[in-house]
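# Examining the three-dimensional arrangement
Spelled out from the first residue to the last, the chains are:
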Amino acid sequence: MTFKVAVIGCTHAGTAAVKNIATQYPDAEITVYERNDNISFLSCGIALHVGGVIGDAQGLFYSNPEELARLGVVTRMRHEVLEVDVQARTLRARNLETGEEFGDSYDKLVVTTGSWPVIPRMEGIGLENIQLCKNYGHAREIIARAADAKRITVIGAGYIGIELVEAFRDLGKDVTLIDNMDRVMAKYLDPEFTGLADKELRERGVRLALGRTVEGFRGTDGKVREVVTTDGTFETDMVVLCIGFRPGTDLLKGQVDMLPGGAILVDDYMRTSHPDVLAAGDSCAVRYNPTGEAAYIPLATNAVRMGTLAAMNLQKPVVRYQGTQGTSAIKLFDWNIASTGLTEGAAAAAGMIVKAVLIHENNRPEFMPTYDDVMLKLVFEAEGGRLVGAQVMSKADLTQAVNTLSVCIQNRMTVQELAFVDFFFQPHYNKPWNLLNTAGLAAMKRLDETAKAAVTEQERMEPGTERADARPHGKYGVA
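This report concerns the structure included in the present document. (Residues numbered from 1 in each chain as written. Predicted model: local features only at pLDDT ≥ 70, side-chain atom pairs only at ≥ 80, totals over all residues. Heavy atoms only, no water.)

### With respect to helix α7 (residues 300–312)
Helical periodicity: at 3.6 residues per turn, an α-helix aligns residues three or four positions apart in one direction. In this model, α7 (13 residues) spans 19 Å end to end at C-alpha, consistent with the 18 Å of a helix rising 1.5 Å per residue. For α7, the complete set of buried residues consists of N302, A303, M306, G307, L309, A310 and A311. Residues of α7 that are buried sit in contact with α1 (12–24), β7 (108–111), β18 (277–279) and β19 (286–288). (Helix = DSSP H or I, 4+ residues; strand = E, 2+ residues; numbered from the N terminus. Expected span 1.5 Å × (residues − 1). Buried < 20%, exposed > 50% of the residue type's maximum accessible area, 1.4 Å probe, protein only. Contact = heavy atoms within 4.5 Å.)

This is the structure:
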C-alpha cells in the first residue's frame, strides 16, 4: 500500500532514516527537504580537514542525492520547510534558489532537523572572521580564513574546540583557547584527566584562558581584532565559536512534547507525542541510561541509531531503542582519551551518591619490551555498586575499553560483576588480570572499605557499644 513520507533534514539521522525507509518500504513515496546543498556531512571530521589530515573533503560524505534518487527518493535540496501542521499532516516549504513557496502533505513525518551552534548575543558578534563550526560550508570558510590568520581564538573547550586547537597548532598558528570552566573537556572528564590534558596543551604552545567568560568582540575595518573577556582581552585575527548546540525544532513547538530547551521527546520507538510524527538525532532528547532520564546529547552515534530505528518503527513498533551512555572519544596529540556515562562530578550534580576508583596500570606485562601507562576511572553507585561512568587515558589506544564499559552501564552491571568478567589474556595486549577486571576489583575493595567504615562509625555512635576488635572471640563469637 502506497503512503507518503516526508523527511525534514538529511545529515546523520535523516540519511539513516531515508535509506532504511526506502529499503523496507519500496512502495513509499519519500520526499526529503534539506536546506543545505549537500547531505550526510560528517561534521566530526572538520578538524581533520582543517588540519590537512583529510585532504579531500568528499571523503566526509557518505551519501548523496544521486544515491537516494536510485532508491526512489525525491530529494529537494536547498529547500527550507517554513511550517508544519501535524494535525492536518501538511507542511509548507520554500525553494531557496527561486523563492517559490508551496505546500505538501504526508502520512508519516520524520523530523531529523538536527542542531545548530549556539550564537551568543553580544557586542561585535557580527564582525568578519567570527566563524561557526558545524557543516561543510563552515569547514570551507574556516580553512579559507585561517590561511591568512596568524592568531586564532577558539571559544569552547569541548571536544570540537580541542580538536580545532590541535589542528591550528599543527598549522603553526598562535592559538588561544577560552572557556568559562576552569578546565578543558570538563563535561566529559574529571580533574585527574583534564589536568593532564591542560598540561599537554600548554606544553604544545596553546594559550589557555580558562575560568573566564567572553563579553564581546572588538574589530577594525569590520574584522575581529580582540576578544574581550571577564578576565583580560586577547588579540586575534579569527575566532571560532564552539560553545554548544541547540536543537533545531522551532517548526514543531507547541505541537509535540519537548524538553524546556527544545529537544523533542520520543518514546523507545522514536515516536513523538503525535502518532504520525517520528523524530531522531540532534533534534531529540535521548534516554540517558546512567540516570534513566531524558537528556540532550547530540552525538552522531546517537543520530544514526535513532534514524535507523525511526525507519524500522515507521508503521508500528518493532525494534526498541536501548538508550545511550553518551560514549565518546578524542585523540589529543599523543593521548587517546575516552569516556562513557557520568563523571564523578556530574553524578554528584545529579544528586546521585557515588564512589569512584582511579587506577594506574601498564597496558601489558612488564616483561614485554615496551608497555604504556594507563589511567582508568570507574564511577559507581555507593549502594550496590552499579556502574554509571568510566574514563580512560593513555598513550596506548585503549579506547575500546570504554565501549565495553558502555555495554556494562547499559546492562546495569555492577563492579562486582565487572571484576570477574571473562576477558582473554595475551601478553601482546594485556595482563592476566585484564585492566577492567583490575578496576572492578579495586571498586569492590572501595565498597568494602566504605561498608566497614560505616559499621565502625555506627558502633562508635552507639552508647555502651564496645569496639568489635576488642571483644573476646569464641566458637559463637563470645568467649
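Following the structure, the description resumes.
### Here we look at the sheet that holds strand β15 (residues 232–235)
The strand order across the open sheet formed by 3 strands is β13-β14-β15, and the pairing between neighbours is antiparallel. The two strands at the open ends of the sheet, each matched to only one other strand, are β13 (214–220) and β15. This sheet shows a mean twist of 25° between the axes of neighbouring strands, independent of strand direction. As paired elements, strand β14 (residues 223–229) and β15 share 4 bridges and run antiparallel to each other. Counterpart to V227 in the pairing with β15 is F234. (Pairing = 2+ DSSP bridges. Axes fitted to C-alpha atoms, helices over the stretch in contact; angles between N-to-C directions.)

### With respect to the layout of surface pockets
Rolled over the atoms, a probe sized like a water molecule indicates the empty space that remains. One number sums up the size of the second largest pocket: a volume of about 370 Å³. As for the second largest pocket, its lining consists of 20 residues, and the residues nearest its centre are L398, A401, Y429, N430 and N434. For the lining of the second largest pocket, the elements supplying multiple residues, two or more each, are β23 (354–362), α9 (400–410) and α11 (435–461). Counted by class, the lining of the second largest pocket contains 9 nonpolar, 8 polar and 3 charged residues. (1 Å grid on protein atoms, 1.4 Å probe; cavity = no way out; pocket = protein on both sides within 12 Å on 5 of 7 lines; lining within 4 Å. Points joined across faces, edges and corners; volume = space filled by probe spheres on them. Nonpolar A, V, L, I, M, F, W, Y, C, P; charged D, E, K, R; others polar.)

### A word on the sheet that holds strand β9 (residues 130–131)
Within the open sheet, the 5 strands sit side by side as β9-β16-β10-β11-β12. Their pairing is parallel. In the strand order of this sheet, the two ends are held by β9 and β12 (207–210), each with one partner. Across 5 bridges, strand β10 (residues 151–155) lies against strand β11 (residues 174–179) in parallel orientation. Within the sheet, the bridge partner assigned to T153 lies in β11 and is T176.

### Some points on the state of the cysteines
Structurally, a disulfide amounts to a covalent bond that connects the sulfur atoms of two cysteines. With the rule as written, the count across this model stands at 0 disulfides. Here C10 stays unpaired: no disulfide links it, and the sulfur of C284, its closest cysteine neighbor, is 15 Å away. (Disulfide = S-S within 2.5 Å.)

### Quick look at the pattern of salt bridges
Per the stated rule, a full pass over the model turns up 30 salt bridges. A salt bridge links R92 to E101; the nearest nitrogen and oxygen atoms lie 3.5 Å apart. With a relative accessible area of 36%, E101 lands in the partly exposed category. Through salt bridges with shared partners, a single network forms among R151, R225, E235 and D237. (Salt bridge = Lys/Arg side-chain N within 4 Å of Asp/Glu carboxyl O.)

### Regarding the side chain of S283
Locating S283 in the fold gives a position in the loop between β18 and β19. Those residues in contact with S283 that lie beyond four places of it in its chain are V111, T112, T113, G114, P247, T249, G262, A263 and I264.

### Observations concerning the nonpolar core
V5, I30, V84 and L252 are the most contacted members of the largest nonpolar core, which totals 58 residues. Ignoring anything within four residues of it in the chain, the contact list for I30 reads V5, V7, V18, I21, A22, V73 and V74. Formed by 44 residues, the second largest nonpolar core is a distinct cluster that contains I46, Y159, V184 and M393. (Core = buried A, V, L, I, M, F, W, Y, C linked by side-chain atoms within 4.5 Å.)

### What to know about the packing of aromatic side chains
What the rule picks out here adds up to 8 aromatic pairs. With a centroid separation of 5.6 Å and an interplanar angle of 85°, the aromatic rings of F3 and Y25 are classed as edge-to-face. Within this pair, whereas F3 is found in the segment before β1 (4–8), its partner Y25 is found in the loop between α1 and β2 (29–34), the two being separated by 22 residues in sequence. Side by side, F3 and Y25 carry an identical accessibility label, which is buried. The interplanar angle of 35° and the centroid separation of 6.4 Å between the aromatic rings of Y33 and F102 together place this pair among those described as tilted. Note that Y33 is positioned in strand β2 and F102 in strand β6 (residues 101–105), a separation of 69 residues in sequence. Aromatic ring contacts, followed pair by pair, group F41, F61 and Y136 into a single cluster. Taking NZ or CZ as reference, K395 lies 4.7 Å from the ring centre of W335, over its face. (Phe/Tyr/Trp six-rings, centres within 6.5 Å; stacked < 30°, edge-to-face > 60°. Lys NZ or Arg CZ within 6 Å of the ring centre and 35° of its normal.)

### Here we look at the pairing of β11
Among the 6 residues in β11, 5 count as buried, and that is most of the element. The parallel pair β10 and β11 is bridged by helix α5 (residues 159–170), and the resulting crossover is right-handed. As paired elements, β11 and β12 share 4 bridges and run parallel to each other. Residue D179 lies in a different strand from β12, and its bridge partner there is L210. (Right-handed = clockwise from strand over helix to strand, strands pointing away.)

### Observations concerning unusual backbone geometry
Phi at M185 is positive, roughly 50°, even though this residue is not glycine. Looking at the secondary structure, you find M185 in the loop between β11 and α6 (191–203). The phi angle at R412 is positive, at roughly 60°, despite the residue not being glycine. Classification of R412 by relative accessible area gives exposed; the value is 53%.

### Digging into α6
With 13 residues, α6 extends 18 Å between its outermost C-alpha atoms, agreeing within 8% with the 18 Å of an ideal straight helix rising 1.5 Å per residue. All buried positions along α6 are accounted for by F193, T194, A197, D198, E200 and L201. The arc that holds every buried residue of α6, seen down its axis, measures 165°, which confines them to one face. Positive backbone phi, approximately 95°, marks G205, located one or two places after α6. (Arc of directions from axis to C-beta.)

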